[in-house]
Each structure stands twice: as C-alpha cells, then as structure tokens.
Amino acid sequence: MTLVPLVVAVPLLAAAVLAAFGHFAPSRLDNAVAIAVTAAVTVISTVLVFRSSDETIHYWFGGWRPRSGIAIGISFSVDPLVASIAALVGALATAALIVSWDYFAERVPPYFHVLVLVFVGAMVGFVLSSDLFNMFVFFELMSVPAYALTGYRIEQQSALQGAINFAVVNSIGAFMLLTGIGLLYGRTGALNLAQIGQVLSRGPADGLVIVAFTLICAGFLTKAGAIPFHFWLSDAYAVAPAPVCILFAGVMSDLGVHGVGRVYWDAFSGVFARHAAAVTGVFVAVGLATALFGALLAFVQAGLKRMLAFIVISHVGVFLAAIGLLDALGLAGATLLVVADGFAKGAVFCAVASLARRTGHTDELAAHGLGRQLPVTRVLFAVGGVALAVLPPLAILGGHAWLRATFVVTSALTGAAVLRAGARIFLGFGPKRDPLLVAPPRGEEAEVPPTPRAGALLWTPGVLLLAAGLAVAFAPGLAQRAADQAARAVDRPALAAETLHGVPAPPREAGGLSPVRYAYGAAAGLLAVSLAALGLYRRRIPGLVERPLDCLKLLHDGVVGDYVAWLTAGTAVLGVLFAFLLRDGP
Amino acid sequence: MSFLPYALAAWLFFVGLYGIVTSRHFVHLVICLGVTQSSTYVLLLAIGYRTGKKAPIFTSGVPVKVGAVDPVVQALTLTDIVVGVTVAALLLALVIEIWKRAGTVDPDELRRNRT
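From a predicted model like this one, the values you see are computed outputs, not experimental measurements.

Attention now goes to the overall build of chain A. Within chain A, the regular secondary structure consists of 21 helices and two strands. The principal-axis extents of the C-alpha atoms in chain A amount to approximately 70 × 60 × 50 Å. Counting all 586 residues of chain A, 67% fall into the buried class. Partitioning the contacts of chain A with sequence separation of at least 6, the portion at a separation of at least 24 is 84%. The centroid of the 36 positive side-chain charges in chain A is displaced by 5 Å from the centroid of its 30 negative side-chain charges.

Quick look at the structure:
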C-alpha cells in the first residue's frame, strides 16, 4: 500500500463530494471537511518526505511499469525535495481555509472550498508528476480554479478584470507549453521525462529541441511571473481574497520555477550538457531582471496586496537564478527556500487578512496608524517583513559574490517595503502622504467590511506558518541534506536508469556548505531596516529613479492585449537567445 | 509527410495572438483565444498522423493489419479540448459580469475607468 496517489486523489475526491453535497450542509461543516482534507495532505506529504529520503519513490499508475526501458504508463516520482513542496501546498491551504473561517463576512458558498481543494490536488499532482503531459494536465487543472478564485469577489469590477487577465495570459502560456510538449513527443515518441531525456541526449541540440525548450520555459515562466511574463500577476493577486492569496503567493508562482527546474534536469540536461553555461547565463539574467524589477515596484506600492504581488515576482527571480546556476546546490537552495519563503509569504498574507478584517483597509497610507490595536498582527507583520528580506539570499548557495550581493539588495528592498508599510500602519510612523507611493486602482482595496472583533483564527495560522518557515530555513543540517538529495536529482543518467530500468541510483553527497550564506542573509535584514527608515523619512525622490519608475508603472495598465504582446515578445527574445547560444554546430 | 498542417498550426497560433493583442471586445478576445488553442489541436494531430493508417480503434478478434495513427496524441487533443471549453465558459461568464458592472466589454475602455 503506497501513500503516493492519496495526496492527489483525496483532495480531488473530497472536492467532488463537497460539490455534490456541500449545499445541504452548513458552510462551517464544509470548511471543516476541507480543512481536514488539506491537513491530511500536509501530513501524508510530510511522511513522504521521510519515506523517500533513502530512495526516490516511482509510482506507476495502474501498475503499468516500464517494459525493457520503455515507459508505457504514467508516473509520479517522489523525492524529499518535491514532497516538501507538496507539504507546503497542504500547509498553506490549511492556513488559508482556517483564515477564511473568520475572514468572510458573508456565508461562504460550498464552491469556494471545492475550488480550493481542486487547486490543492492539482498543485500537488504538478510537483509530483514526472510525465510531461501529466504536468500539463495538472498545470491546467490548477489554473482553472485559480482563475475562478481570483474572480471570487464577482461584484468588484477590478476582480473580474484581474481574473480575465490571469486566465487569458496563463492560457496562452499553457498553449505554448503544450506546443512544446507536442514537438518533444514528435521527436522522442515519449512523454515520460526520463525517457525524453534519454532519447534527446543521444541526438544533437537542433532547432526543434530549442524551440520546444523555449516554449516549455515560456509556459512555466508565465505561471512563475518572470519578466516579461509577469504582468497578469499583480492584477490577479491584488484582487483575489486574502485567504486565496496565501496559496497564490505562497506557492503557485514558485511552482512555475519548479517546472523549469524539473524539465531541464530530467529532459534537457543531457542534450544541452555542452551549453550549460549559456543556459545558466540566460536563466540568471532573467532572474536578476525579475528580482530587481519586482523589488523596485514592490517598494513603491501603497496597496499591501499589490506590494506583496511584486515581492512574489522579485523572489521568483531569486529562485529562478538559483535553479539557473544548474548545480545541485542551486536546486537544493531554490527548493528549500521556496518552502521557507512560501511559509513566510503566507504568514504575511495572514497578517494582511487580519488587518483588512479589523480595519477594512489594506492601503498603507489609508490605514496609517489604524493597526495600533493589533499587537500580534503587528509582530507577525514585522517578523514576516524581516524574513522576506533574510530568506531569499540564503537560496543562492553558489555563484559569484556580486550575484549574491545583488540578491541581497533586491531582497532587502522587498523586506523594506513590508517593514515601512508596517511601521506606518501599526506604529503610525512617518508622514501620511508620500508622493513616491502608487495608490492602488480605485475599488481594489475595499474588500471586507471592518469588524471591531478580529478573531485569533486570522493570525494564529500566520504565526504557525512563520515559525515553520524559519524552522525550515535555519534548522541545522537541513540545507546539507537538501543538497545531498539534490545531488541525486541532478544526476540525470542515474535517475533515468532508476526510473526506466529499476536500477537504484546510488546515494550522493554534495560538497559542504559554507555558513557565509547566513552573513548574506543578515546583511539583507539590516539593509531592509535601513531602507525602510529611508522610505519613511527621506525628503524627496531622486529624479534618477522617478522617471524610470513612472514608465514602469505605466506599463502595468491592466489591458490584457498589451500583456499578451509582452508575453509574445518575451518568448521571441528567449527563443532567439537560445537559438544563438544552445545550437550545436552542423 | 506534408508540412502543411504545421504551417497551419503556426498560422492559427499567430493569427489568434494578433486578435488577442488588438482586441477591442472581450467576447472577440475569448474567441481569439479559442483560435490560438486550435493550433495545438492541429499540431498534435499532425504529429500523430501516419499516411495510409487507420483510426486507432481495435476490437478483439480482428487482427491489426495496416497499423493505426498514434492514439496518444488524440487523447492529448481530447484533454486539450476539455480544458479549452472550461476556460472559455469561465471567461465568458466573467465577461457577462464585467458587462453588468462596467457597461462595457472593451479592454481599453476599462483602463480609462481604472485610473
């Protein structure tokens, strides 16, 4: 009896049951059932982390194992790295459902819980899949509930607009992904990642392989929100209800980065082996641009949800660069910190939910000083802000000093944005007006009517999430174990032999990790506090930043056609870069 | 095999994208999204097509003589169609709500309302 299929099957079945019978039960009961299911997903995934620590679990649906090295069935491959992301999904969903208990003023319709459960099942399925088409199916299955949850506040025009932008841009990303998958299938006759990797590694990196790689990357990076595929993200996250944002910001975007990493290592690392430096160059460049851009725009937002959306973008850039370093340390750092940072982002969103419920505002300037009555939320917000600065630099376990220094600055900016907003809202520091800050579009922030009584259910999950995130980031020896696991995941030939022929891959050990990364994290934390103070008390905006910032703000105009044009242009640039850098000579 | 289906797939993809980028009406935009998606159907079916082979329908007792076109891509296409219908239905529902709230379904018009 294996536990692997349960993490996907249980939430999907529970969603079906709730969809059928949820209307007849009180809303609280539906919510309790959903919480029980997501908690079960968390527990099972955590068990899988330990069960798979000695060898990767390959689960073949229906018992269709590979015959003589040919995969005929569909498989999940579970190692501790992906299982920990699955556990993150479950934990964030549990927190989101607990927060939703007190957050919504009205009766929550059963379809809300159904959508969350389908979303959770699909995200878990996506991270566990080692089959390309299965990944596409789960990619779509997690997208559709996400569109619907974004538009949950159907009476708000901005929510509808955000949901439409999200759905259109992500659908096009999915079509690109599918086109890439189709091309790969035409070349290799396989959908299993290990088998695709085996076939590709025997041939040259020609035009078709490069086009397929470009399209698959573009599809995943659209979900991740890397530049210039990110425009939909701030529109969608800003309008989704805060409990849903816990899931969106905590894990959904990072799954796109995970997809890029998994597909590169399992399928393309053999055929591009001679060009690994070029792939690194492109991924790190995109990651740097994304981290910088997201951090700058986060720092100038007054609306907390939009600010956090840009923080998500910025951190995705860091993780993309970490994976783009294309070694075991990069993969380990990215995975471990995706989990830790996901907990921290979820915790900050819990604080935002608590603030919104109590004061009715999530706008930094409008809520100036209103948060003084919320002692726990205040601490949660502050510690969360520091964590958002400290955690991402810990993900870069290798690479040049200048690269790490740049990510220290971008992460410090994201943490500083949260700390500055927190100081204004919860302590009443600083002026009530700030010409630098962008007010959120009209009607976007007013979400729930304020109540004098803010339940502990809003901030308790946040405290637990933050504790979990800090534990994952700073537990002694955990990073080393993640690096050892990642060393196995990046050994493509051994992993393919294990998947297709049942030859167990040998345990691997990565090199020792230097504790200097904690120094980078500490530097980011200190810089964040200083930048927050600067943001509160500086006299005027330097002209050097003002003009480019205005241009950047103008680009985010909410018109979906423009976003799609950027997506197309970004894919074209990515394709041209790969075509020049990765192609094998004739 | 003919390259025509591949050219058609590429053309559908780009003509659909052009429609989305220049769209002034959300319903038109959703239909253009459908056009873009059709390119993936054509591409998948073209990849699995084998000249002179039959449909992949096998019954017991009847020996397979001429072979069949690839059933895997047909399954992929079916999945793709299901997804496309779901997304289109959801989008059109959102468009109706936008029309009720904003009185317009022009993306550019909505931008002017926004600021």
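Picking up where we left off.
All names here are of chain A. Position of T414 relative to the elements: it lies in helix 15 (residues 401-427). For T414, a relative accessible area of 0% puts it in the buried group. A distance of 3.1 Å separates a polar atom in the side chain of T414 from a polar atom in the side chain of H315. With residues near it in sequence (within four places) discarded, T414 still touches A295, I311, S314, H315 and L388.

This paragraph deals with the pattern of salt bridges. Residues and elements named next belong to chain A. Following the criterion strictly, the structure yields twelve salt bridges over all chains and no others. Residues R306 and D235 are paired through a salt bridge, measuring 3.3 Å at the closest nitrogen-oxygen approach. Of the two residues, R306 sits in helix 12 (residues 304-324) while D235 sits in helix 9 (residues 231-239), which places them 71 residues apart along the sequence. Under the relative-accessibility criterion, D235 is labelled buried at 3%. Between E364 and R424 there is a salt bridge, with the nearest N and O atoms lying 2.4 Å from each other. Of the two residues, E364 is situated in the loop between helix 13 (328-359) and helix 14 (375-395) and R424 in helix 15; the sequence distance between them amounts to 60 residues. Take E364 and R424: they sit in the same class, and that class is buried. Within the structure, one salt-bridge network assembled from shared partners comprises D254, D341 and K345.

Residue and element names in this part refer to chain A. Taken as a whole and judged by the stated rule, the model has zero disulfides over all chains. Free cysteine C245: the closest other cysteine sulfur is in C350, separated by 11 Å. Owing to a relative accessible area of 0%, C245 belongs among the buried residues under this scheme.

Only a minority of non-glycine residues have a phi that is not negative, and only a minority of peptide bonds are not trans. Residues and elements named next belong to chain A. The omega angle of the peptide bond from I227 to P228 is -5 degrees, so this bond is cis rather than trans. Here P228 shows up in the loop between helix 8 (207-224) and helix 9. In this structure, S68 is a non-glycine residue whose phi angle is positive, near 40 degrees. Relative to the elements of secondary structure, S68 occurs in the loop between strand 1 (57-60) and strand 2 (75-78). Judged by its relative accessible area of 74%, S68 is exposed. Of note, L326 is a non-glycine position whose phi angle comes to about 55 degrees, a positive value. With respect to the element layout, L326 can be found in the loop between helix 12 and helix 13.

Tallying the contact residues gives 41 residues for chain A and 36 residues for chain B. Overall, the association of chain A and chain B removes approximately 3500 Å² of surface from exposure, summing both partners, and the carbon and sulfur fraction of that is 78%. Here chain A and chain B share zero salt bridges between them. Seen at the junction of chain A and chain B, the total is two residue pairs in polar contact (both at pLDDT 80 or more). Among the residues making up the side of chain A that touches chain B, the classes are represented as 24 nonpolar, ten polar and seven charged.

Next up on the list: the pairing of strand 1 of chain A. Residues and elements named next belong to chain A. Along strand 1, the buried face is formed by H58 and W60; none of I57 and Y59, which line the opposite face, is buried. By the bridge criterion, four bridges tie strand 1 to strand 2 in an arrangement that is antiparallel. Paired with I57 across the bridge in strand 2 is V78.

About the cut-offs
- Residues numbered from 1 in each chain as written.
- Chains lettered and ligands numbered in written order.
- Predicted model: local features only at pLDDT ≥ 70, side-chain atom pairs only at ≥ 80, totals over all residues.
- Heavy atoms only, no water.
- Helix = DSSP H or I, 4+ residues; strand = E, 2+ residues; numbered from the N terminus.
- Buried < 20%, exposed > 50% of the residue type's maximum accessible area, 1.4 Å probe, protein only.
- Contact = heavy atoms within 4.5 Å.
- Lys, Arg positive; Asp, Glu negative; His and termini not counted.
- Charge placed at Lys NZ, Arg CZ, Asp CG, Glu CD.
- Polar contact = N/O pair within 3.5 Å; in protein donor to acceptor, adjacent residues only side chain to side chain.
- Salt bridge = Lys/Arg side-chain N within 4 Å of Asp/Glu carboxyl O.
- Disulfide = S-S within 2.5 Å.
- Buried area = accessible area lost by both parts, 1.4 Å probe.
- Nonpolar A, V, L, I, M, F, W, Y, C, P; charged D, E, K, R; others polar.
- Pairing = 2+ DSSP bridges.

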